[in-house]
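One letter stands for each residue in the lines below.
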Amino acid sequence: MPLICYVNGEFVEAGEARVSAFDHGFLYGDGIFESLTSTGGRIFKLREHMDRLERSARALRLALPETKERIAAIVKESVRRSKVGDVYIRIIVSRGEGYPLLDPRVVSRPTLAVLLHDASPPVTTATTYRNRGEGLRLKTAGVRKVPPECFEPRVKSLNYLNNVLARIEAIEAGFDEAILLDLRGFVAEAPGENIFIVKDGMLKTPRAHQVLDGITRRTVLDIAARAGIPAQESDLTLYDLYTADEVFLTSSFSRVHAVAEVDGRSIPLSGPITRQLRREIIEMERTEGEPVG
Ligand SMILES: Cc1ncc(COP(=O)(O)O)c(C=O)c1O
């Protein structure tokens, strides 16, 4: 059964999903996206992803071609038509097709694509560990996080080159994943995940205005508040990571993923708080995700 995607008003088989080479998303990275999953017929945090898509669009003065409610309905319809249990979903809105000039007036209407993919990527990356217990080996990248003074990190835009370079650096050095520092030298995030540490029973993560305000990050902080686990959003140094009791990454794809090593310093693997948070979020995904229908 082929996966069904949606591009500019039409549902098509995944292999037939196409946008123009003159699309400003392709020409300039002028667009935004969301990544989410559907597991067991439920889409986790669909409304939160739609809200973030809308905020990103407003920040970039990009008009969403459909309301967020209609986009959510298209996402559910694509999953329904695909008749699959677990799937990786990518929503992309670009400024649209037009003359290759860096001028929004040459573009007539934004492009909307909802792409569905098998839930397991083909190569061994950090995210292939989604359902496995192993801890990740992280490496601090030389590439730095673009500072908020230059580009707002809470916008989930199509400009991911620093993140791509950081990931390449980590992989070429034989690690699973990179850590990006900000310009001040504080820990920011991984290329596609937020980062948390646990020290003396306290959960800590960098402040949201320095990084992507991850939906899983928020969910983890909510679970911690409910479970009485103290949590703090604060600047973290590499020393904090090296000496942490537990380190884990969060994303909509891998949820909560334990870290085993940071720059050659081993971290006690999958400690009790990491395990508890992972268990609870997987349970929430199973019970609270929005039914595809
Ligand atoms: C740079 C970056 N940080 C963090 C995350 C995690 O965010 P979320 O939990 O919303 O998936 C992502 C997800 O794609 C990301 O690209």
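Before any of the text, the structure's been laid out above.
Now for a description of the structure that goes with this document. (Residues numbered from 1 in each chain as written. Predicted model: local features only at pLDDT ≥ 70, side-chain atom pairs only at ≥ 80, totals over all residues. Heavy atoms only, no water.)

Description of the overall build of the protein chain
- Each helix and strand counted, the protein chain has 7 helices and 16 strands in total.
- Projected onto the principal axes, the alpha-carbon positions of the protein chain cover approximately 55 × 40 × 35 Å.
- Every one of the 293 residues in the protein chain was classed for burial, and the buried ones make up 51%.
- The averaged location of the 41 negative side-chain charges in the protein chain is 2 Å from the averaged location of its 40 positive side-chain charges. (Helix = DSSP H or I, 4+ residues; strand = E, 2+ residues; numbered from the N terminus. Buried < 20%, exposed > 50% of the residue type's maximum accessible area, 1.4 Å probe, protein only. Lys, Arg positive; Asp, Glu negative; His and termini not counted. Charge placed at Lys NZ, Arg CZ, Asp CG, Glu CD.)

Structural notes on the nonpolar core
- Judged by nonpolar contacts, the single largest core of 26 residues is most densely connected at I32, I43, V75, I89, I91, V114 and L116.
- For this core, the secondary structure elements donating two or more residues are β1 (4-7), β3 (31-39), α2 (46-59), α3 (68-82), β5 (87-94) and β6 (111-118).
- Counting 17 residues, the second largest nonpolar core, distinct from the first, contains L181, I197, L241 and V247. (Core = buried A, V, L, I, M, F, W, Y, C linked by side-chain atoms within 4.5 Å.)

A word on the site of the ligand
- Taken together, the neighbourhood of the ligand is formed by 16 residues, with K156, Y160, E189, T216 and S252 sitting nearest.
- I215 has a polar backbone atom sitting 2.7 Å from an oxygen atom of the ligand.
- Between T216 and the ligand, the recorded distance is 2.6 Å, taken from a side-chain N or O atom to an oxygen atom.
- Sorting the residues of the shell around the ligand by element identifies α5 (215-227) and β13 (246-251) as the ones contributing at least two each.
- Residue composition of the shell around the ligand, grouped by class: 4 nonpolar, 8 polar and 4 charged. (Near = heavy atom within 4 Å. Polar contact = N/O pair within 3.5 Å; in protein donor to acceptor, adjacent residues only side chain to side chain. Nonpolar A, V, L, I, M, F, W, Y, C, P; charged D, E, K, R; others polar.)

Comments concerning the pattern of salt bridges
- The full count for this structure, using the stated rule, is 25 salt bridges.
- The salt bridge involving K76 is made with E290; its shortest N-O contact spans 2.6 Å. You can see K76 sitting in helix α3 and its partner E290 sitting in strand β16 (residues 290-291), a full 214 residues away along the chain.
- One salt bridge in this structure joins D213 and R218, with 3.2 Å as the shortest N-O distance.
- When its relative accessible area of 16% is taken as the criterion, D213 is described as buried. (Salt bridge = Lys/Arg side-chain N within 4 Å of Asp/Glu carboxyl O.)

Notes on the environment of G40
- Along the chain, G40 turns up in the loop between β3 and β4 (42-43).
- Considered as a pair, G40 and R217 are 177 residues apart in the sequence and their alpha carbons are 22 Å apart.
- Setting aside residues no more than four positions away along its own chain, G40 makes contact with G85 and D86. (Contact = heavy atoms within 4.5 Å.)

Section: the packing of aromatic side chains
- For the structure shown, the criterion picks out 4 aromatic pairs.
- Relative to F248, the ring of F196 has its centre 5.0 Å away and its plane inclined at 10°; by these criteria the two rings are stacked. Here F196, found in strand β10 (residues 194-199), pairs with F248, found in strand β13; they are 52 residues apart in sequence, far enough to count as distant. There is no split in this pair, since F196 and F248 are both buried.
- Seen from the ring of F175, R137 lies directly overhead, with NZ or CZ sitting 4.8 Å from the centre.
- One Lys or Arg, R265, reaches over the ring of Y242 and ends 3.9 Å from the middle of that ring. (Phe/Tyr/Trp six-rings, centres within 6.5 Å; stacked < 30°, edge-to-face > 60°. Lys NZ or Arg CZ within 6 Å of the ring centre and 35° of its normal.)

Note that all results are geometric; they support no functional claim without further evidence.
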